[in-house]
Amino acid sequence: MIKKLINRIFGKSPATSAKPAKGKLKTLSVAEHGIDPKLVSNNAVRVTQTLQQEGYKAFIVGGAVRDLLLGVKPKDFDVATNATPEQVKRLFRRAFIIGKRFQIVHVMFGSDLLEVTTFRGTSTDDAPKDEFGRVLRDNTFGEQHEDATRRDFTINAMYYDPASQTVLDYHGGMGDIRKKTLRIIGQPEARYREDPVRMLRVVRFAAKLQFDIADATRAPIAVMAPLIDNVPAARVFDEMLKLLTSGHALACLKRLRQEGLHHGLLPLLDVVLEQPLGAKFVSLALANTDLRVREGKTVSPGFLFASLLWHQVLEKWQAYQASGEFPIPALHLAADDVLQTQTESLALQRRIGTDMRDIWAMQPRFDRRTGKTPYKLLEHPRLRAGLDFLILRAASGEIEEELAQWWTDFIASDNAGRETLLAAKPRTTKKSATASAAPARLSNAEAIDPAEANDTPAPKKRRRRPKKVFVTE
Ligand code: ATP
Ligand code: MG
């Protein structure tokens, strides 16, 4: 008993019981799970069928099963099998083995990509860990019940066989779906220590699915939150991007704050959630992003991060000007500072950084509404994003509504209309401090051109990088 307690406190206990969870395994029939086969992708069925015809086990797994059980069309399908990556690769014309340490297979059908993973074992006891207990490499193949035990939450550990239309439920996931509860598999402290990103995942799923977090799953988060500091920045960034493009970004950020996960952990969130001036701007930007995601539109990470960090830029911009810099160089210096800090701490990719800088740098150019200057801005390749950003600034009360409206009209007009707009002396209205015009403006802000936003993590465009390296980087 005492030994158990010590192990629990010091994290010596295995995160997940090595005992097969077979006793708990339930096989659910259609009558019990109610999955609509029409929501299942044909390609996922093709992959499981092909593997099964060769004598292997193969199931749709993870988030796709969870979404199917909730009656939602999954955005992507993952397959788990007992075939090795080499065996999988041989069965498909366009199949690529990805990853060095833990190999998975990407099977392509046209532009559709399915990730096929071999069942993984639960040998985290012997796996190399960092000084805080975070598992660095844990890449052994295993049995199906072990694979289930390694997954994060009970609702993510179910396996659907499209052929027999049965669901294998190893950890009571179906019950938790019904109860709308997120429950981590195994001993919560140990699972978070193994992989602190699971704390961010639980928050994302809770906000996205509107599920409760089971008490035991939630309790350790407040204490263990600082462990996220220790996770490589690129991995935290990936998770942040998933969170921000989940269609529930605002809810996720609120929940992160509620769970004490934002503070000191993610420098970006400290900035975003604690700057009084920017709060309204950020809320509008995220509400707009959520709307776009829910409507199936693309979201540009550059635009998103440019919005999240704008008020930090503004503050520094003003400071540089106060110290004697001219406005344009001052803005560039401010952008440099912000990008440098965030690139270090968040592993912001260079391309996203370039987009952010473009959007910011365009803002003072919108102030110049005389002569040929506005025409030059029309040629800017990121004009739509710049305008949408301007509209958000107006909606948040930072600048005059009139400026955003003038540019919206100028861009939409023909040459004669543009000349008229240029000739009319721009009205100088008092800076709008109200939010009343925000909804109308936001509908304009949806018009980010998808062609410009092509760096989006759109559901269909998957990365070649294995995302299912649960605890390894
Ligand atoms: P989403 O809808 O965001 O894609 P998902 O559950 O499919 O949700 P993925 O990141 O695609 O999330 O992961 C697929 C599955 O892999 C999960 O459902 C879960 O079973 C497992 N998994 C992913 N990340 C982890 C992790 N950090 N620890 C344990 N299991 C994980
Ligand atoms: Mg997924």
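Shown above is the structure to which this text applies.
All figures in this text were calculated on a predicted structure; none of them were measured in a lab.

A. Examining the site of ligand 1 more closely. The environment of ligand 1 is formed by 20 residues, the closest being Arg66, Asp195, Arg198, Arg204 and Lys242. The side chain of Arg66 places a nitrogen or oxygen atom 2.9 Å from an oxygen atom of ligand 1. At 3.0 Å, a side-chain N or O of Arg201 approaches an oxygen atom of ligand 1. Those elements that place two or more of their residues in the shell around ligand 1 are α4 (63-69), α9 (197-209) and α12 (233-244). The biggest single contributor to the shell around ligand 1 is α9, with five residues. Its residues placed into classes, the shell around ligand 1 shows two nonpolar, three polar and 15 charged.

B. Expanded view of unusual backbone geometry. The phi dihedral of Gln165 falls on the positive side, at around 55°, and the residue is not glycine. With respect to the element layout, Gln165 can be found in the loop between β7 (158-161) and β8 (166-169). Using a relative accessible area of 25% as the deciding quantity, one classes Gln165 as partly exposed. Its identity is not glycine, yet Gln210 carries a phi of approximately 55°, on the positive side. Considering the arrangement of structural elements, one finds Gln210 in the loop between α9 and β10 (212-213). Given a relative accessible area of 63%, Gln210 falls into the exposed group.

C. Up close: the sheet that holds strand β5 (residues 104-109). The strand order across the open sheet formed by eight strands is β1-β8-β7-β2-β3-β6-β5-β4, and the pairing between neighbours is mixed. The strands lining the two open edges of the sheet, one partner per strand, are β1 (26-28) and β4 (95-98). Taken over all neighbouring pairs, the strand axes of this sheet differ in orientation by 30° on average, direction set aside. As defined by bridge partners, strand β2 (residues 58-61) adjoins strand β3 (residues 78-81) across four bridges and the pair is classed as antiparallel. Bridge pairing in β3 places Ala58 opposite Thr81.

Rules used in this analysis
Residues numbered from 1 in each chain as written. Chains lettered and ligands numbered in written order. Predicted model: local features only at pLDDT ≥ 70, side-chain atom pairs only at ≥ 80, totals over all residues. Heavy atoms only, no water. Near = heavy atom within 4 Å. Polar contact = N/O pair within 3.5 Å; in protein donor to acceptor, adjacent residues only side chain to side chain. Helix = DSSP H or I, 4+ residues; strand = E, 2+ residues; numbered from the N terminus. Nonpolar A, V, L, I, M, F, W, Y, C, P; charged D, E, K, R; others polar. Buried < 20%, exposed > 50% of the residue type's maximum accessible area, 1.4 Å probe, protein only. Pairing = 2+ DSSP bridges. Axes fitted to C-alpha atoms, helices over the stretch in contact; angles between N-to-C directions.

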